[in-house]
Amino acid sequence: IPSDPGNANSIITYLTQKLGLKRLAVINVNDSFGNNYVHGLREAALIHAPELDILQITIESESTDESVKQTIKTLKDSQYQFVFAVLINDNMHKKVMTEAVRMDVAGNGRHNWVFADSFSTFIDGLRVEKGSPLHRALRGTGMFQASGMVGSRF
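Read on for an overview of the structure.

Moving on, we come to the environment of Leu 75. Position of Leu 75 relative to the elements: it lies in helix 3 (residues 65–78). Classification of Leu 75 as buried rests on a relative accessible area of 0%. For the pair Leu 75 and Ala 25, spaced 50 residues apart in the sequence, the C-alpha separation amounts to 7.4 Å. Here Leu 75 is in contact with Ala 25, Ile 27, Ile 57, Tyr 80, Val 83, Val 105 and Trp 113, once residues within four sequence places are set aside.

Let us look at helix 2 (residues 32–48). Taking 1.5 Å per residue, 17 residues should reach 24 Å; helix 2 reaches 24 Å between its end C-alpha atoms and fits that length. Along helix 2, the residues classified as buried are Gly 34, Tyr 37, Val 38, Gly 40, Leu 41, Ala 44 and Ala 45. Across the axial projection of helix 2, the buried residues extend over an arc of 155 degrees, all falling on one side. In helix 2, the exposed positions that point more than 90 degrees away from the buried face belong to Ser 32, Leu 46 and Ile 47. Its side-chain oxygen placed 3.1 Å from the backbone nitrogen of Phe 33, Asp 31 serves as the N-cap of helix 2.

Taken as a whole and judged by the stated rule, the model has 4 salt bridges. Between Arg 102 and Glu 99 there is a salt bridge, and its shortest N-O distance comes to 2.7 Å. Placement of the pair is Arg 102 and Glu 99 together in helix 4 (residues 90–102), with a separation of 3 residues, close to one helical turn. One salt bridge in this structure joins Asp 104 and Arg 110, with 2.6 Å as the shortest N-O distance. Relative accessible area serves as the criterion here: at 34%, Asp 104 is assigned to the partly exposed category. Given the relative accessible area of 42%, Arg 110 is considered partly exposed.

The rules behind the values
Residues numbered from 1 in each chain as written. Predicted model: local features only at pLDDT ≥ 70, side-chain atom pairs only at ≥ 80, totals over all residues. Heavy atoms only, no water. Helix = DSSP H or I, 4+ residues; strand = E, 2+ residues; numbered from the N terminus. Buried < 20%, exposed > 50% of the residue type's maximum accessible area, 1.4 Å probe, protein only. Contact = heavy atoms within 4.5 Å. Expected span 1.5 Å × (residues − 1). Arc of directions from axis to C-beta. Polar contact = N/O pair within 3.5 Å; in protein donor to acceptor, adjacent residues only side chain to side chain. Salt bridge = Lys/Arg side-chain N within 4 Å of Asp/Glu carboxyl O.

Just geometry here; none of it tells us what the structure is for.
Listed below in C-alpha cells is the structure:
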C-alpha cells in the first residue's frame, strides 16, 4: 500500500523505467485510502519520475451508475491509455470495468489497466462468460500487490 514509501517507489519505478510511461491515469475511490494511495504515488513520482504526469480521477465509494459513467467519461476525454485503478469492492470493480468497455477505454487493445491489490478479492474465483463485456474488459489486466521486501526488483 503506497502509504509505505517503498511500495509507491517500486510502483512508480516499474511504470516509468520498465514500461516507459509518461502519463498515468489513476482512478481511485474518494476516501482516505484511495486519496492517500494517490498521494503516495505522487510523492514517489516527484523523486523517481518527475516527468510522469499523473491524472487523478476520483469515484465515490457509494458509486451510482451515473457517477461511474462520469468517471469513465473523464478518463475517455483525457485520452490517457494507461490506467491504475484503486477501487474498494467487487461491485465497484465490475461497474467500472463494464462501463469502461462500453465507452471503449478497456478491452480494446489500446488501453492498459492495472489494479491495486484490492482487485484480488474481485478476481479470485470470478467466472465470466466468454466474449461478455466484463470478459473483454479483464483481458490483459494486471495487479500490483504490495509485499514486504527490500529494494525495487522486478
